[in-house]
Amino acid sequence: MNLVEEIKKLKKAKNAIILTHCYQNMEIDEVSDFVGDSLYLSRQAAKTNADIIVFAGVFFMAQSAKLLSPNKKVLLPNMNSGCLMADMIDVDNLKQFKAQNPDVPVVCYINSTAEVKAQCDICCTSSNAVDIVRNLNVPKVLFAPDTYLGKWVEHKLKNVEVITFNGFCPTHLRIRIEDIQNARTKYPNALILAHPECHYEVSKLADFVGSTKEIMEFAKKSDKKQFVIATEKGVVERLNRDSKLYNQGKEFILINENIVCPNMKHNTLEDIYNTLLNESNEININPNIAQKARISIDKMLSLTSSVINK
Ligand code: 13P
Ligand code: SF4
């Protein structure tokens, strides 16, 4: 059976779309309608007319798609696809964090569950975190769960105190300062592009810091020829594939061969086929929680399109 062809037929028959994060196994791109970062995929989920969304990503991403498209069926191909960072905070931890810092607005990274989002004031992604916090116009915010993205926001804004929850991404934390120093020595003409989930001391040493999609766009537009990429391997694989496709002659080097998110690699073409065929692994969210969680995502999306204009 040709899985790619069969999935395409099923998509058509069921009016389904496939949203794919750029850390996924690259063969999934062949059946995908949109490939990108969390913000881009959330926007696609919000505006699609499809009846079914298959989310090739991790659990919180599929949950966010369901929050934005409550009347559509949202399916996650492999239920083992969790996010280790999102799992570091639950509602009890969050309540404690808030109680220790009363009356401070809470900004919640999209890498979190709907239950956690429901207890926060506004959501953000890696591409708009700095702008979201800036636009709140407050001297102090709580930021959960990613401590390093929060510290990066504080570093960029300077006049806002960002009190961070102690969550982190184990994959991005494998990138060390020495990796950056070694890359500078080995590839003196390369630019180093990093994701803000890296330790902020690592991000500070990079030439550009952005979301996965921003890194890819920056690299594609740049007139430089060599790039060291400080984020998950899937980004490097796609950049090298596209560079060959468009004859750009650019070279993309993964900063350290261990930068692979195991949770992002669970979904396979076979899982997508089975999920779509059987309409299994459906994401459902308690309506009370969904209603509150959606407010924090809607606020982010409306601020992003009206003020931030990303
Ligand atoms: P992006 O929004 O930059 O794609 O990040 C999602 C993520 O989980 C990175 O680890
Ligand atoms: Fe979560 Fe890190 Fe994997 Fe992103 S790379 S999905 S933050 S564990």
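Up top is the structure these notes are about.
Bear in mind the structure is a predicted one, so any value in this text is a computation, not a measurement.

**What about the overall build of the protein chain?**
Phase 1: Per the secondary structure count, the protein chain includes 13 helices and twelve strands.
Phase 2: Taking 19 Å as the expected radius of gyration for a compact globule of 310 residues, we find that the protein chain reaches 19 Å, a close match to that expectation.
Phase 3: Dimensions of the protein chain, computed from the C-alpha atoms along their principal axes, are close to 55 × 50 × 35 Å.
Phase 4: By the burial criterion, 58% of the 310 residues in the protein chain qualify as buried.

**Some words on the side chain of Asp-131**
Phase 1: Its place among the elements puts Asp-131 in helix α6 (residues 129-136).
Phase 2: Accessibility expressed as a relative area gives 16% for Asp-131, which makes it buried.
Phase 3: Here Arg-134 takes part through its side chain, which lies 2.7 Å from a polar atom of the side chain of Asp-131.

**Some thoughts on helix α10 (residues 212-221)**
Because an α-helix completes one turn every 3.6 residues, residues spaced three or four positions apart along the sequence face the same direction.
Phase 1: Every buried residue belonging to α10 is among Thr-212, Glu-214, Ile-215, Met-216 and Ala-219, and all of these are buried.
Phase 2: Elements that come into contact with the buried residues of α10 comprise β1 (16-21), β9 (191-194), β10 (208-209), β11 (226-230), α11 (233-245) and β12 (251-254).

**Description of the pattern of salt bridges**
Phase 1: If you walk through the whole model with that rule in mind, you get 15 salt bridges.
Phase 2: One salt bridge in this structure joins Lys-73 and Glu-279, with 2.7 Å as the shortest N-O distance. Taken as a pair, Lys-73 in strand β4 (residues 73-75) and Glu-279 in the loop between α12 (269-278) and α13 (287-308) lie far apart in primary sequence, 206 residues in all.
Phase 3: Residues participating in the shared-partner salt-bridge network are Asp-29, Lys-220, Arg-238, Arg-241 and Asp-242.

**A word on the site of ligand 1**
Phase 1: Taken together, the residues surrounding ligand 1 are His-21, Tyr-23, Asp-37, Ser-38, Asn-111, Ser-126, His-172, His-195, Glu-197, Ser-211 and Thr-212.
Phase 2: The contact in question runs from an oxygen atom of ligand 1 to an N or O atom on the side chain of His-21, over 2.6 Å.
Phase 3: In the environment of ligand 1, an oxygen atom lies 3.1 Å from a nitrogen or oxygen atom belonging to the side chain of Asn-111.
Phase 4: Taken by itself ligand 1 offers 300 Å² of open surface, and the protein chains cover 96% of this.
Phase 5: Of the residues assigned to the shell around ligand 1, the class counts are one nonpolar, eight polar and two charged.

**A short note on the pairing of strand β3 (residues 52-56)**
Phase 1: Counting buried positions along β3 yields five of five residues, so the element is predominantly enclosed.
Phase 2: Of the two faces of β3, both are covered, the one formed by Ile-52, Val-54 and Ala-56 as well as the one formed by Ile-53 and Phe-55.
Phase 3: Pairing analysis gives five bridges linking β1 to β3, with the strands arranged parallel. Across the sheet, Ile-17 pairs through a bridge with Ile-53, a residue of β3.
Phase 4: The pairing of β3 with β4 spans three bridges and is parallel. Bridge assignment links Ile-53 to a residue of β4, and that residue is Val-74.
Phase 5: For the crossover that starts at β3, traverses helix α3 (residues 59-68) and ends in the parallel β4, the hand is right-handed.

**So, the sheet that holds β1**
The strands making up a sheet associate through backbone hydrogen bonding, with each pair oriented either parallel or antiparallel.
Phase 1: With parallel pairing, four strands are arranged side by side in an open sheet as β2-β1-β3-β4. Edge positions in the sheet fall to β2 (34-36) and β4, since each has one partner strand and no second. Each neighbouring strand pair of the sheet contributes to a mean axis angle of 20°, computed without reference to strand direction.

**So, the site of ligand 2**
Phase 1: By nearness alone, every residue bordering ligand 2 is listed as Tyr-23, Cys-83, Leu-84, Asn-111, Cys-169, His-172, Glu-197, Cys-261 and Met-264.
Phase 2: Tallied by class, the residues present in the shell around ligand 2 amount to six nonpolar, two polar and one charged.

**Quick notes on the packing of α10 against α11**
Phase 1: Where α10 meets α11, the axes come as close as 11 Å, and the angle between the chain directions of the two elements is 30°. Compared by their axis directions, α10 and α11 come out roughly parallel. The two elements α10 and α11 cross, and the hand of that crossing is right-handed. Contacts between α10 and α11 pair Thr-212, Ile-215, Met-216, Ala-219 and Lys-220 from the former with Val-235, Arg-238, Leu-239 and Asp-242 from the latter.
Phase 2: Looking at side-chain class alone, the contact of α10 with α11 contains five nonpolar, one polar and three charged residues.

**Some thoughts on the sheet that holds β10**
Phase 1: Pairing within the open sheet is parallel, and its four strands lie in the order β10-β9-β11-β12. Across the chains shown, the open sheet's two edge strands, defined by having one partner strand only, are β10 and β12.
Phase 2: With two bridges connecting them, β9 and β10 associate as parallel partners. Opposite Leu-193, over in β10, you have Phe-208 as the bridge partner.

**Brief notes about the pairing of strand β7 (residues 140-144)**
Phase 1: Counting buried residues along β7, four of its five residues qualify, which places the element largely inside the surrounding structure.
Phase 2: By the bridge criterion, three bridges tie strand β5 (residues 106-109) to β7 in an arrangement that is parallel. Considered in β7, the bridge of Cys-108 is made with Ala-144.
Phase 3: Relative to strand β8 (residues 161-164), β7 runs parallel, the two sharing four bridges. Within β8, the position partnered with Val-141 by the bridge is Val-162.
Phase 4: Crossover connection from β7 via helix α7 (residues 147-157) to parallel β8: handedness right-handed.

Rules behind the numbers
- Residues numbered from 1 in each chain as written.
- Chains lettered and ligands numbered in written order.
- Predicted model: local features only at pLDDT ≥ 70, side-chain atom pairs only at ≥ 80, totals over all residues.
- Heavy atoms only, no water.
- Helix = DSSP H or I, 4+ residues; strand = E, 2+ residues; numbered from the N terminus.
- Rg over C-alpha atoms; globule rule 2.2 N^0.38 Å.
- Buried < 20%, exposed > 50% of the residue type's maximum accessible area, 1.4 Å probe, protein only.
- Polar contact = N/O pair within 3.5 Å; in protein donor to acceptor, adjacent residues only side chain to side chain.
- Contact = heavy atoms within 4.5 Å.
- Salt bridge = Lys/Arg side-chain N within 4 Å of Asp/Glu carboxyl O.
- Near = heavy atom within 4 Å.
- Areas by Shrake-Rupley, 256 points an atom, 1.4 Å probe, with all protein chains shown as cover.
- Nonpolar A, V, L, I, M, F, W, Y, C, P; charged D, E, K, R; others polar.
- Pairing = 2+ DSSP bridges.
- Right-handed = clockwise from strand over helix to strand, strands pointing away.
- Axes fitted to C-alpha atoms, helices over the stretch in contact; angles between N-to-C directions.
- Parallel < 35°, antiparallel > 145°, perpendicular 65-115°, else oblique.
- Left-handed = near helix turned anticlockwise from the far one by under 90°.

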